[in-house]
Amino acid sequence: MAKGTLYNKVWDAHVVDKLPTGQYQLFIGLHLIHEVTSPQAFDMIKEKGLKVAYPQRTFATVDHIVPTQSQARPFQDNEAEQMMGAIEKNVREFGVSFFDFKSGNQGIVHIIGPENGLTQPGMTIACGDSHTSTHGAFGTLAFGIGTTQVRDVLATQCLAMDALKVRRVNVNGRLKPGVTAKDVTLYIIQKLGVKGGIGYAYEYGGSVFDNFTMEERMTVCNMAIEGGARVGYVNPDQTTFDYLKGRKFSPAADKWDKVVAYWKSFASDKDAVFDDVVDFNGGDIEPIVTWGITPDQSVGVNDKLPEVSKFSADEVKTVELAYKHMDLKPGAPIKGTPINVAFIGSCTNGRLSDLREAAKVAKGRKVSKTVRAFVVPGSQQVKAAAEKEGLDKIFTEAGFEWREAGCSMCLAMNPDKLKGRELSASSSNRNFIGRQGSKDGRTILMSPAMVAAAAIEGKIADVREVLK
Amino acid sequence: MSKINQIEGKAVPVEGNDIDTDRIIPARYLKEITFTNMGKYPFYDERFDAEGKPKGHPFDLPQFAGSHILFVNQNFGCGSSREHAPQSLMRWGIRAIVGESFAEIFAGNCTMLGIPTVTVGRADMEKLQALAKQKPETQFLLDLDKKALYSEGKEHLKFEIHESKRNALVNGTWDSTGLLLANAGKTADVAKKLPYVAGF
Ligand code: SF4
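Everything numeric here is computed off the predicted structure, so don't read it as measured data.

(A) Local environment of the overall build of chain B. Helices and strands together make up the secondary structure of chain B, namely 9 helices and 8 strands. If one aligns the C-alpha atoms of chain B with their principal axes, the spans along those axes are about 65 × 45 × 25 Å. Of all intrachain contacts in chain B linking residues separated by at least 6 positions in sequence, the fraction that spans at least 24 positions is 66%. Within the structure as shown, chain B displays about 7600 Å² of accessible surface, and the carbon and sulfur contribution to it stands at 50%.

So this is what it looks like as structure tokens:
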């Protein structure tokens, strides 16, 4: 059992009771909802005649189904319009704050929480979306939940939960130039596997994380779930506090010192005990690309694709399926693989710093004629900030489309979809079969700068060579 | 709420590790605002070709029609938290899932729908899947009190299940809202002690 970790402290501060099942009832400090996983939950509480217990602790936005070419209503897609209508009605009926299009704060649920200062250290957070782990970057315990659990949080502000074990994941040393937070998170998943985190919360630390910005920490925590860990977090420090100062829902300046002391008290103790500790060296990490159908099937961009014989008997079937689906060959280089689509965006890499990195590559260059390339800011705020810096012009001049905020082709529930066997270079988080809207479509995950490089070259490329 | 102690029925094997929830239910079906139709969609893109013709997935083979138990391999249900995945399996007819391992959110979602997710070792799963394929008419009985799986009345093997999940199912408290609501007073006490809720 872990002791003295942030996980333990936040958990203890929020336990309501031990339930007869052996699970714990945990108070949820912040509940974020979106249009896809909430309508059924609202229906369930209506059926039982219940109310939202703590409406002031619940915030709603729309992201998954919204079209990114135009946010004009009604949407052309009837089902999307219906879904939009349902969340509008539910937030009105139950008195929940709603970041709609007019608010200027609409965006992907995991981007708007932090940028509005809703996500704060020491909180428990839940959202009907597996990438809720993103919020752990602030030293929170943030859980992705299913719709029936969304119902529980709406009705009671609590969840019935089992305790997790805690694994400390250290990345020390220095990253090489051109290596980003996305490469770090893909590297950790490659090393620990997609099942490695089952039953664990990941505490990320070490000098690489100490030096990371909040946006970089969010990119890593976002993909904790891709490694099987439901929760991932970084201890709060000065970087965290500086980020939060002055944001819309951040505590007032006159209470700041008191608040910071409270937040600091949650950080893991120096002598904290973990259930497991793993160490990586940041200097070993290369720009990474996936080649398969699970996020742990990845290689350094200059590496050759692994031979099937390198995998354990357990993995062979998935590896063979991956090669077949991707139409790639063991032993071949991944660099130079032609792409059809380039997608920059998502809750993993749709923040301002991601767009800046991609714009550095796009600036003064042209997207290959064979590639459909688009940039989708993660929120209206990100979009406005990027436009203020002129990033939109850099992208459009290079031949990228510049879109409205939303999830877009991360999961293709809106009109942004792959067609047929198209292959996309994507800054999102899942390369699952069918994930980007075509059941035969193919996805290669990488950092936003690497996506921009691939867009320009028309094929998988090493961003460091493109920038030379 | 009903107590779930035993589940009986034929079993359908779906082989492969890391079958994610996008494969269990493609995202386009998440656009419906109720779960009502989800039973039509499990494994849709693996079951049907572009014209909607069945490709021979176990869910469409006559010998597995009416199965209540699903046999799967490692890390089943990884990826998205969409409850549409267990909803689609449940509405197709699945009442229990036996696998080598499950993704956490998926297993939690199943429990809240009253679907046990129980685990066995790799060798045992190979035997179970082979038995279901060779003799699909085999009737299985999954007993949560004894943590044993019986085939044709004979004890076949022991399985593991997370104790709190087992308790919730056998005591009929798997739909947790009632339990949580009963503690509304204690919940308010915790809220009062949290400065970010009560005020710094
Ligand atoms: S961007 Fe992708 S992963 Fe993130 S919330 Fe949207 S659909 Fe989910």
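(B) Just the site of the ligand, in detail. Residue and element names in this part refer to chain A. For the ligand, the full set of nearby residues is His64, Ile108, His110, Asp129, His131, Ser346, Cys347, Cys407, Cys410, Leu411, Asn429 and Arg435. When the residues that make up the shell around the ligand are grouped by side-chain class, the tally is 5 nonpolar, 5 polar and 2 charged. Built from parts of two domains, the shell around the ligand gets at least three residues from each of domain 1 (6-161) and domain 3 (288-466).

(C) Region of the structure containing the sheet that holds strand S15 (residues 341-344) of chain A. Residues and elements named next belong to chain A. Read from one edge to the other, the open sheet built from 5 strands follows the order S17-S16-S15-S18-S19, with strand pairing classed as parallel. Of all the strands in the sheet, just strand S17 (401-402) and strand S19 (442-445) have a single pairing partner and so form its edges. Across 4 bridges, the pairing between strand S18 (residues 423-426) and S19 is parallel. By the bridge assignment, Ser426 is partnered in S19 with Leu445.

(D) Summary view of the interface of chain B and chain A. Across the boundary between the two partners, chain B contributes 56 residues, which contact 77 residues of chain A. When the two sides are added together, the surface that chain B and chain A hide from each other amounts to roughly 5600 Å², 58% of it contributed by carbon and sulfur. Per-residue buried area on chain B facing chain A is highest for Lys31, Tyr196 and Phe200 of chain B; these three make up 16% of the total on that side. Taken together, chain B and chain A are joined by 7 salt bridges. One salt bridge in this structure joins Asp314 of chain A and Arg122 of chain B, with 3.0 Å as the shortest N-O distance. Put simply, chain B and chain A have 27 residue pairs in polar contact (both at pLDDT 80 or more) between them. Among the secondary structure elements, those contributing two or more residues to the side of chain B that touches chain A are helix H1 (21-24), helix H4 (104-112), helix H6 (163-170), helix H7 (177-182), helix H8 (184-193) and helix H9 (195-198) of chain B. Residue classes in the side of chain B that touches chain A are distributed as 23 nonpolar, 17 polar and 16 charged.

What counts, and where the lines are drawn
Residues numbered from 1 in each chain as written. Chains lettered and ligands numbered in written order. Predicted model: local features only at pLDDT ≥ 70, side-chain atom pairs only at ≥ 80, totals over all residues. Heavy atoms only, no water. Helix = DSSP H or I, 4+ residues; strand = E, 2+ residues; numbered from the N terminus. Contact = heavy atoms within 4.5 Å. Areas by Shrake-Rupley, 256 points an atom, 1.4 Å probe, with all protein chains shown as cover. Near = heavy atom within 4 Å. Nonpolar A, V, L, I, M, F, W, Y, C, P; charged D, E, K, R; others polar. Domains from an automatic or database assignment. Pairing = 2+ DSSP bridges. Buried area = accessible area lost by both parts, 1.4 Å probe. Salt bridge = Lys/Arg side-chain N within 4 Å of Asp/Glu carboxyl O. Polar contact = N/O pair within 3.5 Å; in protein donor to acceptor, adjacent residues only side chain to side chain.

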